[in-house]
Amino acid sequence: MKAAIFHDRKNITIDDVPAPELRPGAVAIDVAWCGICGTDLHEYLEGPIFIPSTGHPHPLTGEAQPVTMGHEFSGTVTALGAGVTDLNVGDGVVVEPYVVCGDCELCAAGNYNLCTRMGFIGLAGGGGGLSEKVVVDQRWVHPVGDIPLDQAALIEPLAVGHHAFVRSGARAGDVAFVGGAGPIGLLLAAVLKAEGLTVIISEPSVARKTMARTTGVADHVLDPATDDVVARVRELTGGAGADVAFECTSVNAVLDQLLDAVKPAGVVVNVSIWGAPATIDMQKVVLKEIDLRGTIAYVNDHPATIKLVQDGKVDLAPFITARIALDDLLDEGIDTLVNRNDTAVKILVHP
């Protein structure tokens, strides 16, 4: 089968590789669509980051670069391994793309996203969604009912937004300030709106500002190139500041703005993955008693996230800006998102 293989920084190829074999307790899936994630771009530009480097295989998969990429994917069940129940051949599904040990204290407590040996399918090994087929343990396979499979490929990044919302402790009626309207920022905003928050987004890209407006996920869209963002947030909140803010850019200037724009005793949640250390003005954190929180991926968020879409509270269709073939991953996918990201939001790949 064809698969996108990460060999090293700025070295991804489309290769023919053996198809995965079905095993007991697992599910065989024909991949329908796979999104190109910001994490994939970080790996391409700066990696290996989550991908295990040569000579340092992942402790659970035993794999190191080269690995098959892709972790935002949907597909159709084609076969069930021995012992698999509650799924049927032909089901449309999405995958919660984890590799965890199940034995450590964090796994035992249900915090499997913090597993001491945690990895992601499509990064740490175990196959990936940027391939024609994948075999995944039943635990991670979620049926999506009648959600179209192209839209279902966005369930994974939407679950990232849902988990960030849960981590924030925000409630209906609160005001949220989202720094960055890339795919994660926009989908997080969609969750926040669905949960009854007022959403302010700051974003310089024309295409992404337009997406924030036309999809209705933002009540107010600011441009950091022309607006005094902090002053505008305070103006829109009657001088109080935002109740909660979300960093979705891995840009230090944006993090600084969030610390200024959030109200005293407010919460700032870092959602993005950073390719280099950030600097934080701790005096702002101290004097305003800001609660700065991290968030990684999701944990038990997929069922609630899928329900938001099934109930019509989130419409994923408008966020898809391009659909491409696997052979065009580099030229029409990665290159577009790296060098012309103001022209695209979410690009889906059809293996």
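Counting of residues starts from 1 at the beginning of each chain's written sequence and follows it residue by residue. Given that the model is predicted, a residue must reach a pLDDT of at least 70 before its local features are reported, and side-chain atom pairs must reach 80 or more before they are shown or counted; all residues, however, enter totals for whole chains, interfaces and linings. Remark: hydrogens and water are excluded; side-chain values derive from all non-hydrogen atoms of the structure.

A closer look at the side chain of S74
- Residue placement: S74 occurs in strand β5 (residues 72-80).
- The exposure class of S74 is buried, given its relative accessible area of 1%.
- Only 2.6 Å separates the side chain of S74 from the backbone oxygen of L149, close enough to count as a polar contact.
- The criterion used for residue contact is that any of the two residues' heavy atoms lie within 4.5 Å. Excluding its chain neighbours within four sequence positions, the residues that come into contact with S74 are D30, V31, A32, W33, V93, V94, L149, A152 and A153. For the purposes of this entry, the term helix denotes a DSSP run of H or I that reaches at least four residues, the term strand denotes a run of E that reaches at least two, and both are numbered from the N terminus. Residue exposure (1.4 Å probe, protein chains only): buried if accessible area is under 20% of the type maximum, exposed if over 50%, otherwise partly exposed. Distance and chemistry together define a polar contact, namely a pair of N or O atoms within 3.5 Å, with one atom able to donate a hydrogen and the other to accept it when in protein, and with adjacent residues in sequence counting only for side-chain atoms on both sides.

What to know about the packing of helix α4 (residues 155-168) against helix α5 (residues 183-194)
- Orientation is described by lines fitted to C-alpha atoms, with helices fitted over the stretch in contact, and by angles between N-to-C directions that extend from 0 to 180 degrees. Their axes nearest at 8 Å, the elements α4 and α5 cross at an angle of 60°. As judged from the angle between their axes, α4 and α5 are oblique. You can see that α4 and α5 cross each other, and the crossing is right-handed. Residues P157, L158, V160, G161, H162, A164 and F165 of α4 touch α5, and the partners they reach there are I184, L187, L188, V191 and L192.
- As a working rule, the residues Ala, Val, Leu, Ile, Met, Phe, Trp, Tyr, Cys and Pro are called nonpolar, Asp, Glu, Lys and Arg charged, and the rest polar, with Gly in that last group. Along the lines of polarity and charge, the residues of the contact of α4 with α5 split into 10 nonpolar, two polar and no charged. The labels follow the angle: roughly parallel below 35 degrees, roughly antiparallel above 145, roughly perpendicular from 65 to 115, and oblique for the rest. Each helix crossing is assigned a hand: it is left-handed if the near helix lies turned anticlockwise from the far helix by less than a right angle, otherwise right-handed if that turn is clockwise.

Description of the environment of V93
- Note that V93 resides in strand β6 (residues 92-95).
- Judged by its relative accessible area of 1%, V93 falls in the buried class.
- Separated by 139 residues in sequence, V93 and R232 have C-alpha atoms that sit 42 Å apart.

Section: helix α10 (residues 302-310)
- Among the residues making up α10, those that are buried are H302, T305, I306, L308 and V309. Down the axis of α10, the buried set is contained in an arc of 150°. They therefore lie on one face.
- Contacts from the buried residues of α10 go to β6, β10 (141-143), α4 and α5. The reported arc concerns the directions from the helix axis to the C-beta atoms and nothing else.

Comments concerning the packing of aromatic side chains
- A pair of aromatic rings is counted whenever rings of Phe, Tyr or Trp (Trp by its six-membered ring) have centres within 6.5 Å, and the orientation is called stacked for planes under 30 degrees apart, edge-to-face for over 60 and tilted otherwise. With the rule as written, the count across this model stands at six aromatic pairs.
- Considering the side-chain rings of Y98 and Y112, the 5.3 Å spacing of their centres and the 85° angle between planes classify their relative orientation as edge-to-face. Of the two residues, Y98 is situated in strand β7 (residues 98-99) and Y112 in the loop between α2 (105-108) and β8 (119-120); the sequence distance between them amounts to 14 residues.
- On the basis of relative accessibility, which here comes to 2%, the residue Y98 falls in the buried class.

Let's talk about unusual backbone geometry
- For the bond running from G47 to P48, omega is 5°, close enough to zero to count as cis.
- Between Q65 and the following residue, P66, the backbone shows a cis peptide bond with an omega angle of 10°.
- For P66, the location among the structural elements is in the loop between α1 (38-46) and β4 (67-68).
- With phi around 60°, K10 is a residue other than glycine that occupies positive phi space.
- With respect to the secondary-structure elements, K10 resides in the loop between β1 (2-8) and β2 (11-16).
- Of note in this structure, E289 is not a glycine but carries a positive phi near 50°.
- In this structure E289 comes out as exposed when scored by relative accessible area, which is 62%.

Regarding the sheet that holds strand β16 (residues 291-294)
- Between any two strands, at least two bridges found by DSSP are needed for them to pair. With respect to topology, six strands assemble into an open sheet ordered β13-β12-β11-β14-β15-β16, the strand pairing being parallel. Two strands in the sheet have a free side with no partner beyond their single neighbour: β13 (220-222) and β16. Sheet twist, expressed as the mean angle between neighbouring strand axes with direction ignored, is 20°.
- Where strand β11 (residues 175-179) meets strand β14 (residues 242-247), four bridges bridge the pair, whose relative direction is parallel. In the strand pairing of β14, G179 is matched with E247.

Looking at the sheet that holds β4
- On the basis of which strands lie adjacent, the open sheet formed by three strands has the order β2-β1-β4 and antiparallel pairing. Looking at which strands have only one partner, the edges of the open sheet turn out to be β2 and β4.
- Across six bridges, β1 lies against β2 in antiparallel orientation. Bridging from a neighbouring strand, F6 pairs with I12 of β2.

Let's talk about the nonpolar core
- In terms of nonpolar packing, the biggest core is built from 94 residues, with L186, L192, I201 and F246 touching the most fellow members.
- Residue contributions to this core peak at seven residues, all from α5.
- When neighbours within four sequence positions are excluded, I201 is seen to be in contact with F177, V178, A181, G185, L186, A189, A212, A218, H220, V221 and L222.
- The nonpolar core is taken to be a set of buried Ala, Val, Leu, Ile, Met, Phe, Trp, Tyr and Cys residues, with the residues joined through side-chain atoms within 4.5 Å. Counting residues in each nonpolar core, the second largest holds 18 residues, with I200, V229, A261 and I290 among its members.

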